[in-house]
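An overview of the molecular structure
Listed here are the chains, written in short residue letters.
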Amino acid sequence: MITKDGSGVGSLRYVRGPHSFVGTLNIMASKDGIYLPYIYYALQNVCFETYRTGQAIPHIYFRDYGKEAIYCPAYNDQKRLANGLELIDAKIGIEKAVLQNLQSAKASLISEMFI
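Residues numbered from 1 in each chain as written. Predicted model: local features only at pLDDT ≥ 70, side-chain atom pairs only at ≥ 80, totals over all residues. Heavy atoms only, no water.

1. A closer look at the nonpolar core
If you look at the biggest cluster of nonpolar residues, it comprises 16 residues, and the most contacted ones within it are Ile2, Leu12, Tyr38, Leu43, Phe48, Ile60 and Tyr65. For this core, the element with the most residues is helix H1 (residues 36–43), which contributes six residues. (Core = buried A, V, L, I, M, F, W, Y, C linked by side-chain atoms within 4.5 Å. Buried < 20%, exposed > 50% of the residue type's maximum accessible area, 1.4 Å probe, protein only. Helix = DSSP H or I, 4+ residues; strand = E, 2+ residues; numbered from the N terminus.)

What follows is the structure, given as structure tokens:
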């Protein structure tokens, strides 16, 4: 999904399975030979700000950013690369949770010191 209207214009989300979408989102579906998670990661390198129009309510249009060229290796390579990036994202999520727990523990210990 790509947010096409509003303050989050150009932000990306990857979802699996059936979903309902609001009118402020564009969705992409993959063609044969294209691994959609790979496209998701490739689109994270697109500067959607370049395609932003509008003042009060910003917009981006597929007719503009749809011209972006994305390198697509063979399907198996797309899948291998995307799976590797998914593992890295999962590790980042784990590390963020650990950091948040450590910060919470630190705050608790500091508050106990000054009671």
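Still more ground to cover, so stick around.
2. As for a nonpolar patch on the surface
Taken together, the side chains of Leu85, Ile88 and Ile92 make up a nonpolar region of the molecular surface, amounting to roughly 250 Å² of accessible area. With respect to the helices and strands, the residue Ile88 is situated in helix H3 (residues 75–113). (Patch = residues over 30% accessible without salt bridge, like charges linked within 9 Å, V, L, I, M, F, W, Y side chains within 5 Å. Areas by Shrake-Rupley, 256 points an atom, 1.4 Å probe, with all protein chains shown as cover. Salt bridge = Lys/Arg side-chain N within 4 Å of Asp/Glu carboxyl O.)

3. Description of the side chain of Gln78
Structurally, the position occupied by Gln78 is in helix H3. Each residue touching Gln78, except ones within four places of it in the same chain, is listed here: Gly33, Ile34, Tyr35, Tyr38, Cys72 and Pro73. (Contact = heavy atoms within 4.5 Å.)

4. Concerning the pattern of salt bridges
Per the stated rule, a full pass over the model turns up four salt bridges. Linking Arg80 and Asp77 is a salt bridge whose minimum nitrogen-to-oxygen distance equals 3.6 Å. Pair noted here: Arg80 and Asp77 are both in helix H3, with a separation of three residues, about one helical turn. Residue class for Arg80 comes out exposed when judged on its relative accessible area of 54%. The exposure class assigned to Asp77 is partly exposed, which follows from its relative accessible area of 32%.

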